[in-house]
Amino acid sequence: MTDGHGQGASPGAGPGTEIAIPDGYAPEIAAIVEYWTRIRPAEGLPGRQHVDPADIPELLPHLWMTDVFRDPWRFRLRLVGTAIVKHAGRDSTGKWCSEQFPNFEESAGYRDMVRCADQGVPVFRTAKQLVGDRPRQSQRVHLPLASDGREVDIILSLTRYVFVRE
């Protein structure tokens, strides 16, 4: 069950431009957004070549990267962090999102990824889910990467799961 809504940053946001993190988001979300902003070149978007895992070791378990394919939009999981694997109970690295997630093309997650890739903007989402008898919230950000600085070819995402009060 989801109660979240996607929020995006303005497409004209350049290097050094503040990206508003939604209230109540985990500090890891702010950390990856700050890193993405810092590695962003003066013109265009950062690419995979700008991301150095050694710069963000504490974030790696919560990161995932998705390859972007167009016409039609398709997404393949390039890398899935260990915290995501633990939560999901499987490692989906190398798999198509449409094969891993039922009704993916009809989901808010799909729409968020298309928006991120098509508009080249960060997209935030929260969702509630029940784990056993405890409510848990996932907080996520999708960040566009473009090897040529223009056309998004990878989405860098970070997801945090937190237990919340009802």
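Residues numbered from 1 in each chain as written. Predicted model: local features only at pLDDT ≥ 70, side-chain atom pairs only at ≥ 80, totals over all residues. Heavy atoms only, no water.

### A word on the pairing of strand 3 (residues 74–80)
Two elements, strand 2 (residues 63–69) and strand 3, share six bridges in a ladder whose sense is antiparallel. Bridge assignment links methionine 65 to a residue of strand 3, and that residue is leucine 79. Turn length for the strand 2-strand 3 hairpin, with the two strands adjacent in sequence and antiparallel, is four residues, and the turn residue aspartate 71 shows positive phi of about 55°. (Pairing = 2+ DSSP bridges. Helix = DSSP H or I, 4+ residues; strand = E, 2+ residues; numbered from the N terminus.)

### Re the confidence of the model for the protein chain
Regions with low pLDDT carry predicted coordinates that are not meant to be interpreted in detail. Per-chain confidence: the protein chain averages 87 in pLDDT, with 84% of residues scoring 70 or above. Ranking the elements of the protein chain by mean pLDDT puts strand 1 (residues 7–8) last with 52 and strand 2 first with 98. Counted against residues more than four places away or in other chains, residues 1–5, with its pLDDT under 50, gives 14 contacts. Note that residues 9–16 has pLDDT below 50 and, in this model, 12 contacts with residues that lie over four places away or in other chains. (pLDDT = per-residue confidence, 0-100. Contact = heavy atoms within 4.5 Å.)

### A word on the side chain of arginine 140
Here arginine 140 lies in strand 5 (residues 134–145). The buried charged residue arginine 140 lacks any salt bridge partner; its closest oppositely charged side chain belongs to aspartate 112, at an N-O distance of 6.0 Å. Side chain to side chain, arginine 140 and threonine 159 meet in a polar contact 3.1 Å long. Those residues in contact with arginine 140 that lie beyond four places of it in its chain are Tyr25, Ile29, Trp64, Val123, Phe124, Arg125, Leu158 and Thr159. (Buried < 20%, exposed > 50% of the residue type's maximum accessible area, 1.4 Å probe, protein only. Lys, Arg positive; Asp, Glu negative; His and termini not counted. Salt bridge = Lys/Arg side-chain N within 4 Å of Asp/Glu carboxyl O. Polar contact = N/O pair within 3.5 Å; in protein donor to acceptor, adjacent residues only side chain to side chain.)

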